[in-house]
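Below are the chains, spelled out letter by letter.
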Amino acid sequence: MTDTMAPIDILLVEDDPGDVLMTQEAFEHHKIRNALYVVADGVEALQFLRREERYSNAPRPGLILLDLNLPRKDGREVLAEVKATPELRSIPVVVLTTSEAEEDILRSYDLHANAYVTKPVDFDRFVEVVRQIDDFFVTVVKLPR
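Residues numbered from 1 in each chain as written. Predicted model: local features only at pLDDT ≥ 70, side-chain atom pairs only at ≥ 80, totals over all residues. Heavy atoms only, no water.

Undergrad: Quick question: what am I supposed to make of the overall build of the protein chain here?
TA: Per the secondary structure count, the protein chain includes five helices and five strands. Element order for the protein chain, N to C, with α for helix and β for strand: β-α-β-α-β-α-β-α-β-α. Counting only C-alpha atoms, the protein chain reaches 35 × 35 × 25 Å along its principal axes. When burial is assessed residue by residue, the protein chain has 49% of its 145 residues classed as buried. Look at the contacts in the protein chain between residues 6 or more apart in sequence, and 64% of them connect residues 24 or more apart. Within the structure as shown, the protein chain displays about 7700 Å² of accessible surface, and the carbon and sulfur contribution to it stands at 51%. Both charge centroids of the protein chain, one from 17 positive and one from 27 negative side chains, sit 8 Å from each other. (Helix = DSSP H or I, 4+ residues; strand = E, 2+ residues; numbered from the N terminus. Buried < 20%, exposed > 50% of the residue type's maximum accessible area, 1.4 Å probe, protein only. Contact = heavy atoms within 4.5 Å. Areas by Shrake-Rupley, 256 points an atom, 1.4 Å probe, with all protein chains shown as cover. Lys, Arg positive; Asp, Glu negative; His and termini not counted. Charge placed at Lys NZ, Arg CZ, Asp CG, Glu CD.)

Undergrad: Sorry, what's going on with the pairing of strand β1 (residues 9-13) here?
TA: Sheet faces and side chains relate simply in a regular strand, where the side chains alternate between the two faces. Among the five residues that make up β1, four are buried, leaving the element largely enclosed by the rest of the structure. When β1 meets strand β2 (residues 35-39), the two strands line up parallel, connected through five bridges. Bridging from a neighbouring strand, Asp 9 pairs with Ala 35 of β2. What joins β1 to β2 is helix α1 (residues 17-29), and the crossover it makes is right-handed. As defined by bridge partners, β1 adjoins strand β3 (residues 63-66) across four bridges and the pair is classed as parallel. Residue pairing across strands places Ile 10 opposite Leu 63, the latter belonging to β3. (Pairing = 2+ DSSP bridges. Right-handed = clockwise from strand over helix to strand, strands pointing away.)

Undergrad: For this particular structure, what's the right way to read the sheet that holds β3?
TA: One key point about sheets: their strands pair by backbone hydrogen bonds, in either a parallel or an antiparallel sense. Pairing is parallel in the open sheet, where five strands are placed in the order β2-β1-β3-β4-β5. Each having just a single partner strand, β2 and β5 (115-118) make up the two edges of the open sheet. Mean inter-strand twist for the sheet, computed between neighbouring axes without regard to direction, equals 20°. (Axes fitted to C-alpha atoms, helices over the stretch in contact; angles between N-to-C directions.)

Undergrad: Could you clarify how one ought to interpret empty space enclosed by the protein in this entry?
TA: Take a probe with the size of a water molecule and roll it over the atoms, and the empty space left behind shows itself. Tallied over the full model, the rule gives one cavity of 30 Å³ or more. Estimated volume of the largest cavity: approximately 40 Å³. Surrounding the largest cavity, Ile 10, Phe 27, Leu 63, Leu 65, Val 130, Ile 133 and Asp 134 form its lining. Elements with a minimum of two residues in the lining of the largest cavity: β3 and α5 (123-140). Split by residue class, the lining of the largest cavity holds six nonpolar, no polar and one charged. (1 Å grid on protein atoms, 1.4 Å probe; cavity = no way out; pocket = protein on both sides within 12 Å on 5 of 7 lines; lining within 4 Å. Points joined across faces, edges and corners; volume = space filled by probe spheres on them. Nonpolar A, V, L, I, M, F, W, Y, C, P; charged D, E, K, R; others polar.)

Geometric values such as these leave the question of function open.
In structure tokens:
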């Protein structure tokens, strides 16, 4: 089914280089054809999404993978701004974080996250979770253009 689907641009907002590397390896391992763009903090994420400064030519992502605990502007603030901005609110946001705190889960959904996924610590399980997210949001769900 993936072969007939057009690739999408995915924005990964993640400050941990190890998690970035694992996500990139998951894409390579499963031969995910979607383009993965990475920014390391919430300020950069919003600049990318608004096509500001060095991101003036950034593509509009079809999916955002968002960590909650970020420098400069945390993921909750980014999520709130994305979902409050008419031009951005239709982009699905998957919170992909280490936090299992019920308050983070509730707050993320209150801020209109499309899904909340706790990052597995095991590499093989992490790779599988990334594949499942990609599978669901790219082959199962119909995304807006």
